[in-house]
There are 2 protein chains.
Amino acid sequence: IEREVVGHFARAIAATRPELEPASLDKPLAMLLFGMINWLFTWFKPGQPLDYPTLAPLVADLFLNGVSGLHITPVIRPEGEQTHVT
Amino acid sequence: IEREVVGHFARAIAATRPELEPASLDKPLAMLLFGMINWLFTWFKPGQPLDYPTLAPLVADLFLNGVSGLHITPVIRPEGEQTHVT
């Protein structure tokens, strides 16, 4: 089920920036978002002084603005051109 | 020591958006950044296919673009005006 939830988030994120999916960055970004949210339990105490209604749009704005500003390297690989030789 | 590290990050973040500190959002934002980074251990396997050199600027861009795009409610409170009555 976790995999499914990540998939849904990844698709929602990729809907805002279609280049993310071919660049294989949609799922990592979903996981980064989960990181922000899941880590809350370690430090966030609602109402001291921030509460959920204030925090939620903050995280949403932070993430969506962040994603919309990303520089995504295109993964178009013309024939005959070398790619990622390690 | 954790408190100190958070303080340093909070100041670095507030340096990019001075409104954050009076709005008491500098430390929460530092914690959200730590969330993205600390949560990595749950899902990130370097090189499959993302590696650290690719991931690091992604997280940095995501966060910095995110912060620079935030709508921060000013906390200027003119005398005699009501604030945050709950």
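Here the residue index of a chain counts from 1 through its sequence in written order. Chain letters and ligand numbers both follow the written order, the letters beginning at A and the numbers at 1. Only residues with pLDDT of 70 or above have their local features reported here, since the model is predicted, and side-chain atom pairs are shown and tallied only from 80 upward, although totals for entire chains, interfaces and linings are computed over all residues. Each side-chain value is derived from all of the structure's non-hydrogen atoms; neither hydrogens nor water enter the calculation.

Draft legend 1. Spotlight on the overall build of chain A. Helix and strand labels come from DSSP, where a helix needs a run of H or I of at least four residues and a strand needs a run of E of at least two; each type is numbered from the N terminus. From N to C terminus, chain A includes three helices and zero strands. From first element to last, N terminus to C terminus, chain A shows the α and β order α-α-α. In what follows, residue pairs with any heavy atoms lying within 4.5 Å of each other are defined as contacts. Sequence separation of at least 24 residues holds for 57% of the intrachain contacts in chain A that already meet a minimum separation of 6. Computed with the Shrake-Rupley method and a 1.4 Å probe, the accessible areas treat only the protein chains shown as cover for residues. Per element, the accessible surface of chain A, about 5,700 Å² overall, is 58% carbon and sulfur.

Draft legend 2. Here's a closer look at the interface of chain A and chain B. Opposite the 24 residues of chain A that make contact, chain B presents 24 residues. In total, chain A and chain B occlude about 2,400 Å² of area from one another, counting both sides; carbon and sulfur atoms represent 84% of this. As used here, buried area is the combined drop in accessible area, with a 1.4 Å probe, of two parts when they are placed together. When residues of chain A are sorted by the area they lose upon contact with chain B, Leu32, Trp39 and Leu62 of chain A head the list and together hold 27% of the total. Within this document, salt bridges are pairs made up of a side-chain nitrogen of Lys or Arg and a carboxyl oxygen of Asp or Glu, the two lying within 4 Å of each other. Seen at the junction of chain A and chain B, the total is zero salt bridges. We define a polar contact as two N or O atoms separated by no more than 3.5 Å, with the added condition that, inside protein, one atom must be a possible hydrogen donor and the other a possible acceptor, whereas residues neighbouring each other in sequence contribute only through side-chain atom pairs. Summed over the shared surface of chain A and chain B, the number is two residue pairs in polar contact (both at pLDDT 80 or more). Those elements that place two or more of their residues in the side of chain A that touches chain B are helix H2 (26-38) and helix H3 (52-68) of chain A. Three residue categories are used. Nonpolar comprises Ala, Val, Leu, Ile, Met, Phe, Trp, Tyr, Cys and Pro, charged comprises Asp, Glu, Lys and Arg, and polar comprises the others, including Gly. A class-by-class count of the residues in the side of chain A that touches chain B yields 17 nonpolar, six polar and one charged.

Draft legend 3. Fine view of the relation of the copies chain A and chain B. Rotating chain A by 180° and translating it 0.0 Å along the rotation axis places it on chain B, where the RMSD comes to 0.0 Å. Such a combination of turn and shift is consistent with a two-fold rotation axis. Across chain A, the smallest distance between a C-alpha and the rotation axis is recorded for Gly66 of chain A, namely 1.9 Å. Least squares is used to superpose the copies, and the fit set is the C-alpha atoms of residues whose pLDDT is at least 70 in both copies.

Draft legend 4. Looking closely at a nonpolar patch on the surface. Without a salt bridge and with relative accessible area above 30%, a residue can belong to a patch; like charges are then joined within 9 Å and nonpolar side chains (Val, Leu, Ile, Met, Phe, Trp, Tyr) within 5 Å. Together, Ile1, Val5 and Phe9 of chain A line one region of the surface with nonpolar side chains, adding up to about 310 Å² of accessible area. Inspection of the secondary structure puts Val5 of chain A in helix H1 (residues 2-16).

Draft legend 5. How the structure looks around helix H2 (residues 26-38) of chain B. Residues and elements named next belong to chain B. With 13 residues, H2 extends 18 Å between its outermost C-alpha atoms, agreeing within 8% with the 18 Å of an ideal straight helix rising 1.5 Å per residue. Only protein chains enter the calculation, and the probe is 1.4 Å; a residue is then buried if its accessible area is under 20% of its type maximum, exposed if over 50%, and partly exposed in between. Of all 13 residues making up H2, 10 are buried, and the element is well covered by its neighbours. Three or more residues of H2 are buried, namely Asp26, Pro28, Leu29, Ala30, Met31, Leu32, Leu33, Phe34, Gly35 and Met36. Given a helix with a known number of residues, its expected span is that number minus one, times 1.5 Å.

Draft legend 6. Geometry of the side chain of Arg17 of chain A. Residue and element names in this part refer to chain A. Inspection of the secondary structure assignment puts Arg17 in the loop between H1 and H2. Polar contacts involving the side chain of Arg17 include one to the main-chain carbonyl oxygen of Val67, which spans 2.8 Å. Only 2.8 Å separates the side chain of Arg17 from the backbone oxygen of Ser68, close enough to count as a polar contact. With residues up to four places along the chain from it excluded, the contact list for Arg17 reads Val67, Ser68, Gly69, Leu70 and Ile72.

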